[in-house]
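Survey of secondary and tertiary structure
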Amino acid sequence: MNPFFLKSHAHSHTHSHAHKEFLQTPVPRRPSVQIDASVRPSAPSPADSTLSTASTVVSYTTPPATPPLAQTPTKSIADAVAWCTARARIPTPDGSEYFLHIYENTKDKKEHLAFVFGDAIRSQSLDRVQWNETELDRVKRGAYTGRLRNTVSENEQAALEANTPSAYSTGSDEQPALPSSPLVRIHSECFTGEIGHSARCDCGEQLDEAIRLMKEAGSGVVVYLRQEGRGIGLGEKIKAYNLQDLGYDTVMANLMLNHGADERTYEVAQAILEDLGLNEIRLLTNNPDKIEQVEKDSQIKVVERVPMMPKSWEAIVQGTEADFVVREGAVHDKIVKGKELDKYLKVKVERMRHMISIPATMV
């Protein structure tokens, strides 16, 4: 039995949602919060001015700080633990490969992922010997070095059940040295942007770019967290899309659904990076909140922030917009552009502190 399963699994905090009809004007009632002065508000739209009644005035022109000040974590960072249950080699169409790691944790019931590039970065929890396991058991989990040897033909599979070979992999006992400050991307799941080819966000583009850079460097880790829609879930995210079609921005839409502007947490990401032995990282992000949360109460140090400039904005800055080609691809070179993407990105800068330079033609 895996000793990690002896640890208790805490249920994630569930949010209750009030379901009220909009009779005359939409008036979502939320507790007042203290606004961070560093968050710059965007100009209120005509629709925003309707969000008040004669008895109560509620302003949504400036969102709560990120994460929402009204929220309190259900579990301290020190209590969050993640362990790797399995990994396997994933070949990609361009001939490169990575090892996909599956993580369970004590914070929620979701399987979070890590895309690990290179042979030097290994999971400590996966490599630990489990009680009464065989060599084949370890191979099944992915706790081996090097590459597995393809030694079994279809005719030999029946014989293999009775007599398994003793050497499964081509690896050696010598472990490669860890790269100094490897590239890391902490990426939250986005079904619409990564699979559905949505032009409302650049999540798919960011994921593909992170993978491209790590292939180029020969090492790196994408920590893939299953927290869709900035933590509110896919169903609530789709509701937010409908509000965005009415003219509300992404922050306003979340608030109208009684959510915070950003409900993501990064305790599991911390635990995964610690399990992989990564204390100093170069983080691919534009989000200062992500840096602050990853470093908080941990041994992890972000020694460099590597910016991720949106491809369409980069083309504007470089004067190559006329040659810009939109490509859709779930594996490589996914690029998006459009007015809805521009609005989404500007809200990130103006209301969520993201460190991206807005092109001068859009200011």
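Residues numbered from 1 in each chain as written. Predicted model: local features only at pLDDT ≥ 70, side-chain atom pairs only at ≥ 80, totals over all residues. Heavy atoms only, no water.

1. Observations concerning the overall build of the chain
As a reminder, the rule being used: Under the scheme used here, helices are H or I runs from DSSP no shorter than 4 residues and strands are E runs no shorter than 2 residues, and both carry numbers assigned from the N terminus. Relative accessibility under 20% of the residue-type maximum defines a buried residue, over 50% an exposed one, and the middle range a partly exposed one, all with a 1.4 Å probe and only protein chains included. Between two residues, a contact is recorded if the distance between any of their heavy atoms is within 4.5 Å. Per-residue and other accessible areas were derived by the Shrake-Rupley procedure at a 1.4 Å probe size, with only the shown protein chains allowed to occlude residues.
Each helix and strand in the chain was counted, giving 11 helices and 7 strands. With 363 residues in all, the chain has 45% of them scored as buried. Intrachain contacts of the chain at a sequence separation of at least 6 include 68% that bridge at least 24 residues. Within the structure as shown, the chain displays about 19200 Å² of accessible surface, and the carbon and sulfur contribution to it stands at 52%.

2. Digging into the sheet that holds strand 4 (residues 183-188)
Stated precisely, the cut-off is as follows: DSSP bridges decide pairing: two strands pair if at least two such bridges lie between them. For helices, the axis comes from a line fit to the C-alpha atoms of the stretch in contact; other axes are also lines fit to C-alpha atoms, and the angle between any two N-to-C directions lies between 0 and 180 degrees.
Taking strand neighbours across the sheet as the criterion, the 7 strands line up as 1-2-3-5-4-6-7 in an open arrangement whose pairing is mixed. Sheet topology places strand 1 (82-91) and strand 7 (301-306) at the edges, where each strand pairs with a single neighbour. Strand-to-strand twist of the sheet, defined as the mean angle between neighbouring strand axes without regard to direction, takes the value 25°. By the bridge criterion, 9 bridges tie strand 1 to strand 2 (residues 97-105) in an arrangement that is antiparallel. Paired with Ala-88 across the two strands is Leu-100, which belongs to strand 2. Lying over the sheet, helix 9 (residues 288-295) contacts strand 4, strand 6 (280-284) and strand 7, oriented at roughly 165° with respect to strand 7.

3. Quick look at the pattern of salt bridges
Note the cut-off: By definition, a salt bridge exists where a carboxyl oxygen of Asp or Glu is found within 4 Å of a side-chain nitrogen of Lys or Arg.
The tally for this structure, following the rule as stated, stands at 20 salt bridges. Ionic contacts of the salt-bridge type, sharing partners, join the residues Arg-89, Glu-97, Asp-119 and Arg-147 into one network.

4. Examining the packing of aromatic side chains
For the record, the criterion: Any two of the Phe, Tyr and Trp rings considered here, Trp counted by its six-membered ring, make a pair once their centres fall within 6.5 Å; the pair's planes then place it as stacked at under 30 degrees, edge-to-face at over 60, or tilted in between. The criterion for a charge sitting over a ring is simple: Lys NZ or Arg CZ within 6 Å of the ring centre, and within 35 degrees of the ring normal.
Using the criterion set out here, one finds 3 aromatic pairs in the structure. Aromatic pair Tyr-98 and Phe-115: ring centres 5.1 Å apart, planes at 40°, arrangement tilted. Here Phe-115 lies in strand 3 (residues 112-117) and Tyr-98 lies in strand 2, a separation of 17 residues in the sequence. Every member of this aromatic cluster is reached through a ring pair, and the members are Tyr-98, Phe-115, Phe-117 and Tyr-224. Over the ring of Phe-99 we find Arg-87; its NZ or CZ atom is 4.1 Å from the centre of that ring. In this structure, Arg-200 packs its charged tip against the face of Tyr-241, placed 4.4 Å from the ring centre.

5. As for helix 10 (residues 311-318)
What counts, and what does not: Our arc is simply the arc of the directions from the helix axis toward the C-beta atoms.
Of the positions making up helix 10, those classed as buried are Ser-312, Trp-313 and Ala-315. Within helix 10, the buried residues cover an arc of 155° as seen down the axis, which keeps them to one side. Seen from the open side of helix 10, the exposed residues pointing more than 90 degrees away from its buried face are Val-317 and Gln-318. Here the buried face of helix 10 lies against helix 11 (339-352).

6. Overview of empty space enclosed by the protein
Under the convention used in this document: We place a 1 Å grid over just the protein atoms. Points where a 1.4 Å probe fits but has no way out form a cavity, open points with protein on both sides within 12 Å along at least 5 of 7 lines form a pocket, and any residue with an atom within 4 Å of a point lines it. Grid points are joined across faces, edges and corners, and a volume is the space filled by probe spheres set on the points. Classes in brief: Ala, Val, Leu, Ile, Met, Phe, Trp, Tyr, Cys and Pro nonpolar; Asp, Glu, Lys and Arg charged; the others, Gly included, polar. Each domain's extent is set by a domain assignment, obtained either automatically or from a database.
Taken as a whole and assessed by the stated rule, the structure comprises 1 cavity of 30 Å³ or more. A volume near 430 Å³ is recorded for the largest cavity. Residue lining of the largest cavity: 30 residues in total, with Cys-203, Arg-230, Arg-264, Tyr-344 and Lys-348 positioned closest to the centre. Of all the elements in the fold, those that place two or more residues in the lining of the largest cavity are strand 4, helix 5 (203-217), helix 6 (234-245), helix 7 (250-256) and helix 11. Class assignment of the residues belonging to the lining of the largest cavity gives a composition of 9 nonpolar, 12 polar and 9 charged. Split by domain, the lining of the largest cavity shows at least three residues from each of two domains, domain 1 (76-130 + 137-142 + 175-227 + 264-308) and domain 2 (311-362).

7. So, the pairing of strand 4
Judged by how many residues are buried, strand 4 sits mostly within the fold: 6 of 6 residues are covered. Alternating positions in strand 4 separate into two faces, Leu-183, Arg-185 and His-187 on one and Val-184, Ile-186 and Ser-188 on the other, with burial throughout.

8. Some details on the confidence of the model for the chain
Basically, it comes down to this: Residue-level confidence of the predictor, termed pLDDT, takes values from 0 up to 100.
On average, residues of the chain score 78 in pLDDT, and 70% of them are at 70 or above. Low pLDDT, under 50, characterises residues 1-78; the stretch is placed with 116 contacts to residues that sit more than four places away or in other chains.

9. Let's talk about the side chain of Arg-200
The cut-off we apply is this: Whenever a nitrogen or oxygen atom comes within 3.5 Å of another N or O atom, the pair is scored as a polar contact, on the condition that within protein one atom can donate a hydrogen and the other can accept it, and that pairs from neighbouring residues in sequence are kept only if both atoms are in side chains.
By the secondary structure assignment, Arg-200 is in the loop between helix 4 (191-194) and helix 5. For Arg-200, a relative accessible area of 17% corresponds to the buried category. There is a polar contact of 3.1 Å between the side chain of Arg-200 and the side chain of Asp-245. Residues within four places of Arg-200 in sequence aside, it is in contact with Tyr-241, Gln-244, Asp-245, Glu-340, Leu-341 and Tyr-344.

10. Some words on a nonpolar patch on the surface
As a reminder, the rule being used: Like charges within 9 Å and nonpolar side chains (Val, Leu, Ile, Met, Phe, Trp, Tyr) within 5 Å are joined into patches, using only residues over 30% in relative accessible area that form no salt bridge.
The grouping of Phe-191, Ile-195, Leu-234 and Ile-238 at the surface amounts to a nonpolar patch, some 350 Å² of accessible area in total. With respect to the secondary-structure elements, Ile-238 resides in helix 6. With relative accessibility at 38%, the residue Ile-238 sits in the partly exposed group.

11. A short note on the environment of Val-326
The topology assignment puts Val-326 in the loop between helix 10 and helix 11. We classify Val-326 as partly exposed; its relative accessible area is 45%. When the C-alpha atoms of Val-326 and Val-336 are compared, they prove to be 5.9 Å apart, with 10 residues separating the residues in sequence.

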